[in-house]
Amino acid sequence: VGRAMKLYEGAVTAKSSHAAAWHGWGLLEKRQGNLRRAADIFTKGIRNTEDAANPYLYQSLGLVLEQMGSIDEARQWYMRGTKASPLVSNSDALWHTWAKMEGKHGNADVVRYLYQKALAVNPKSRYTYLSWGVWEKEQGNYEKAEQLFKDGHKLNPRDAAILQAWALLEYEIGNVTRARELLQKGTEADAKHIPAWQAWGVLEYLEGDYTMARKLFQQGVWAGPNSRDVSRVFQAWAVLEKREKNYNLARTLFSCAVKADSKSEASWLAWAQMEDDLGLNARADELRQYNQVEQQKMEMSAAMGAGAATSLGSLTVSPDSVLAPIFRGVQSWINKQFNTEDKEKAAKSASEAAAAAAMDSKKTGGIPAATSTNGGEIDQSAKGSSAAGAGGVNANSIRD
């Protein structure tokens, strides 16, 4: 990392207008958690490339300033960027990123104006249709959201994320059959899109078809066994098995979920709730302690700007822990799954083993489950822009 920074510094010293070098250097500093340093580098890059303004420098500066909590400053740089040059003002990425920020901190008129500007410069932008549709859904504007998803799908028929978001909207308003159709189309459009498999599996779980839900969760695991997103699939599957009283299998699946993403609070708490329900309070308390540690790490990481990414299988457990046998039991196939070239084969083997374990568990019976609480619910949320609040900018102030 240190050598890379020196190389970037050497590149901009040799040619101060080298926008790509400024941008790469700033991103590297950001990944290291040096947010203020990253912002300074992006700013210097903008000032040294005014004759050939680069939209990605403005976009990255706005993002890092937002991450630092400097919303007004980010807003000013976005505004400056959209007026810097035709190249920058015609960047849908810049308008879209600004719109997403205002969706969390601005007012509705500004958000819609900015999304409209993004589509004006790139009428097919799948990212804009998706995030705008999700934002409208969160405002309760279902008809507007549905129209955006329809338009986005028409222009981007192979985009599974739009179909998934559209399906969640349909399910929320009670159109189960339509939601199922859209999720099927999503998985056909992109068989590697894990959230679509997970959402479809959750739908079937909620509708009571556990056999179909298991099949879909298996497909979700196979779709991307080395992705952090697979944590949600394991967590949803674990909750299903808990409902079916397959507690040993549920533990294995929860363990897989936190191995894939140790920051998944939903997985830690759902697992802890199950152990509480079974009267295993020491195990539940330890799980909550692990969750607290991981959430504190994430908060510190966010404050420093390092992000929440973690390597798969990075979680460590004390040999004396009451959880140690569970983690050891799943460690062997986790390592094979994530560290060999034949990942899909390993994932399939793990899923087949889980299915066999389910059959064994049914034969031997289980401890009656207590009433479920929020801690045991499936994490099926679709992330998007939060509801807009009062902002410090209005649509008239940023119009051309």
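The shown structure was predicted, so the numbers you read here are calculated from the model rather than taken from an experiment. (Residues numbered from 1 in each chain as written. Predicted model: local features only at pLDDT ≥ 70, side-chain atom pairs only at ≥ 80, totals over all residues. Heavy atoms only, no water.)

*Asks:* Whenever I open this one, helix 7 (residues 92–105) confuses me. Can you help?
*Replies:* Along an α-helix, a turn takes 3.6 residues, which lines up residues three or four apart on a common side. Between the first and last C-alpha of helix 7 there are 20 Å, a value that for 14 residues agrees with the 20 Å anticipated at 1.5 Å per step. The complete set of buried residues in helix 7 reads Leu 94, Trp 95, His 96, Thr 97, Trp 98, Ala 99, Met 101, Glu 102 and Gly 103. (Helix = DSSP H or I, 4+ residues; strand = E, 2+ residues; numbered from the N terminus. Expected span 1.5 Å × (residues − 1). Buried < 20%, exposed > 50% of the residue type's maximum accessible area, 1.4 Å probe, protein only.)

*Asks:* Explanation requested: the confidence of the model for the protein chain in the structure shown.
*Replies:* In regions of low pLDDT, the predicted coordinates are not meant to be interpreted in detail. Of the residues in the protein chain, 74% reach a pLDDT of 70 or more, and the chain-wide mean stands at 81. Averaged pLDDT values over the elements of the protein chain bottom out at 43 in helix 20 (residues 343–364) and peak at 98 in helix 10 (residues 142–155). When the criterion is pLDDT under 50, residues 303–319 qualifies, and its contacts beyond four places in sequence or with other chains add up to 43 contacts. (pLDDT = per-residue confidence, 0-100. Contact = heavy atoms within 4.5 Å.)

*Asks:* Even after reading the chapter, I still don't get the packing of helix 11 (residues 160–172) against helix 12 (residues 176–189), so can you show me in this structure?
*Replies:* When two helices pack together, their arrangement is given by the angle between the helix axes and by the axis-to-axis distance. Contact geometry of helix 11 with helix 12 gives a least axis separation of 8 Å together with a crossing angle of 170°. Of the possible angle classes, the one that applies to helix 11 and helix 12 is roughly antiparallel. For the pair helix 11 and helix 12, the contacting residues are Ala 160, Leu 163, Gln 164, Trp 166, Ala 167, Glu 170 and Tyr 171 in the first and Val 176, Arg 178, Ala 179, Leu 182, Leu 183, Lys 185, Gly 186 and Ala 189 in the second. (Axes fitted to C-alpha atoms, helices over the stretch in contact; angles between N-to-C directions. Parallel < 35°, antiparallel > 145°, perpendicular 65-115°, else oblique.)

*Asks:* How do you make sense of helix 4 (residues 55–67) when you look at a structure like this?
*Replies:* In a regular helix each residue adds 1.5 Å, so 13 residues correspond to 18 Å; helix 4 covers 18 Å between its end C-alpha atoms and thus fits that length. Of all the 13 residues making up helix 4, 10 are buried; the element is thus mostly covered by neighbouring parts of the structure. Among the residues of helix 4, those classed as buried are Pro 55, Leu 57, Tyr 58, Gln 59, Ser 60, Leu 61, Gly 62, Val 64, Leu 65 and Glu 66. The inward-facing, buried residues of helix 4 contact helix 2 (19–31), helix 3 (35–48), helix 5 (71–82), helix 6 (86–89) and helix 7. Two or three places before Tyr 56, at the start of helix 4, stands the capping residue Asn 54, its side-chain oxygen 2.8 Å from that residue's backbone nitrogen. Immediately downstream of helix 4, the backbone of Gly 69 shows phi near 90°, a positive value. (Polar contact = N/O pair within 3.5 Å; in protein donor to acceptor, adjacent residues only side chain to side chain.)

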